[in-house]
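Analysis of the macromolecular model
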Amino acid sequence: MTPSPASASADNTSGLSHNRVWNFSAGPSVLPMSVLEEVQHDLLNYKGQGMSVLEMSHRSKVYGNIISDAEATLRRVLKVPDNYSVLFLQGGGTGEFAASYLNLMASKAVREKQRKLGKPLVCDYLVTGGWSKSGLKEVKRLGANTNVVLDGVKSASTGETTYNSLPPVSEWKLSKPEETAYVYYCENETVHGVETPANYVVDAVDPSVPVICDMSSNMLSRPVDVSRFGAIVAGAQKNMGPAGVSIVIVRKDLLERDESDPEVTRNLPSVLDWCYFDGAGSMPHTPPTFSIYVCGLVFKWAEAQGLEALSKLRDERSNMVYDEIDAHPEFFNGLVDKKYRSAMNLVFTLPTPELEAKFIAEAAERNMVQLKGHRSLGGIRISLYNAMPIEGAKVFVDFMKEFYNKNH
């Protein structure tokens, strides 16, 4: 039997076929070519159904198979244990800032722990960059009792807080386990280019405390032991699919609630309620049907590649760029401590803003786009997600060499 394009093992090695550019966007981002081709092939008439998935009722048997297959594939790829639920939601990673807090504080286990303590439990936040900082801001707005475990690092020269490294674990200010509702962190900071090493946080946190991790921008790029987390939340539009759907993998005991207490969900909107979605197979109302369908194809593609192979490729791509940065540090100024440099979002500056503008413009002339750093940080940012073939990194590094030789 011939595999579908999305399940083929070799992919995205055709360079700039179909008159496409090298898209280094931080998100929405590049998708596997085979996935795009399958979507294109089936767009008008999905598998002989006489209609597009865009037009299909989410209550139909055909779409029911699409969403259940997507979940089953993701479970296989990430080896999700049976005692975890997988949810397809809306609201993006930003929506999950609030949802994580509201759902954990509605959990029967957390509420019983708080009742025994006799005072509000603490929500611990590791602030490693712009996204975790936004997450902290959101739950503070909702009235959370928060503790900042770490907030970047202090510059030795200016004393200002910078998000280019992490302090050693010995300096973290974790709350007492018996007083903690959960610990929250963002594993890869898309803006600042800081990536926390795998298991770095869960190794430091008492196993009795649920760890909530935002993996929006590095999910599926390396193996992860799901069983060590209370919940994993992620927007899909980096490594998993198009914008419009977010994914939550949550331990089922954290979904248990005391239904006799009306206060449990009084301030929890249904659209953010993980239990509401879990009880309805992610479809209590119309889900983002097309986005989930495309995610399912990406999951099949990732399964065919294998997480170990994808992890090896992510390191090869990023190391190529970092090697060139390190070869000319006086020209390509890497912004992040080498120990915590992201393999997904690589950030650096050039000696002047004028050179940065020239770099971006000349790269665009060579069909390399979306290289401008985030508006809050500036500089250059190249995002190397799963679907970026190794050729894309090679083309970019060749351009870096050329630009350096002409402008240093």
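Since this is a predicted model, take the numbers as computed values, not measurements.

Next up on the list: the environment of Cys123. As for its position among the elements, Cys123 is in strand E3 (residues 122-127). A relative accessible area of 1% places Cys123 in the buried class. The residues contacting Cys123, other than those within four sequence positions of it, are Tyr101, Met105, Ala144, Asn145, Thr146, Asn147, Ala181 and Tyr182.

Our focus in this paragraph is the packing of helix H8 (residues 307-327) against helix H10 (residues 390-407). For any two helices packed against each other, the geometry is given by the interaxial angle and the distance between the axes. Two elements in contact, H8 and H10, have axes whose closest approach is 9 Å; the angle formed by their N-to-C orientations is 5°. By the angle between their directions, the pair H8 and H10 is classed as roughly parallel. Contacts between H8 and H10 pair Glu316, Arg317, Met320, Val321, Glu324 and Ile325 from the former with Ile390, Ala393, Lys394, Phe396, Val397, Met400 and Lys401 from the latter. Residue composition of the contact of H8 with H10, by class: 8 nonpolar, no polar and 5 charged.

On to the confidence of the model for the protein chain. Predicted confidence across the protein chain gives a mean pLDDT of 94, with 96% of residues reaching 70 or more. In the predicted structure, residues 1-14 sits below a pLDDT of 50 and forms 30 contacts with residues beyond four places in sequence or in another chain.

Running from amino to carboxyl end, helix H3 (residues 92-106) crosses helix H4 (residues 108-117) at an angle of 65°, the nearest separation of the two axes being 5 Å. Of the possible angle classes, the one that applies to H3 and H4 is roughly perpendicular. When H3 is examined against H4, the residues Leu104, Met105 and Ala106 are found in contact with a partner set consisting of Lys108, Val110, Arg111 and Gln114. Of the residues that constitute the contact of H3 with H4, the class distribution is 4 nonpolar, 1 polar and 2 charged.

This paragraph deals with the sheet that holds strand E14 (residues 345-349). Hydrogen bonding along the main chain pairs the strands of a sheet, whether they run parallel or antiparallel. Taken together, the 3 strands give an open sheet; going across it, the order is E13-E14-E16, and neighbouring strands pair in antiparallel fashion. Bordering the open sheet on either side are strand E13 (333-334) and strand E16 (380-383), each of which pairs with just one other strand. Pairing of E14 with E16, which is carried by 4 bridges, proceeds in the antiparallel orientation. Along E16, the bridge assignment pairs Asn345 with Ser383.

Thresholds, definitions, all that
Residues numbered from 1 in each chain as written. Predicted model: local features only at pLDDT ≥ 70, side-chain atom pairs only at ≥ 80, totals over all residues. Heavy atoms only, no water. Helix = DSSP H or I, 4+ residues; strand = E, 2+ residues; numbered from the N terminus. Buried < 20%, exposed > 50% of the residue type's maximum accessible area, 1.4 Å probe, protein only. Contact = heavy atoms within 4.5 Å. Axes fitted to C-alpha atoms, helices over the stretch in contact; angles between N-to-C directions. Parallel < 35°, antiparallel > 145°, perpendicular 65-115°, else oblique. Nonpolar A, V, L, I, M, F, W, Y, C, P; charged D, E, K, R; others polar. pLDDT = per-residue confidence, 0-100. Pairing = 2+ DSSP bridges.

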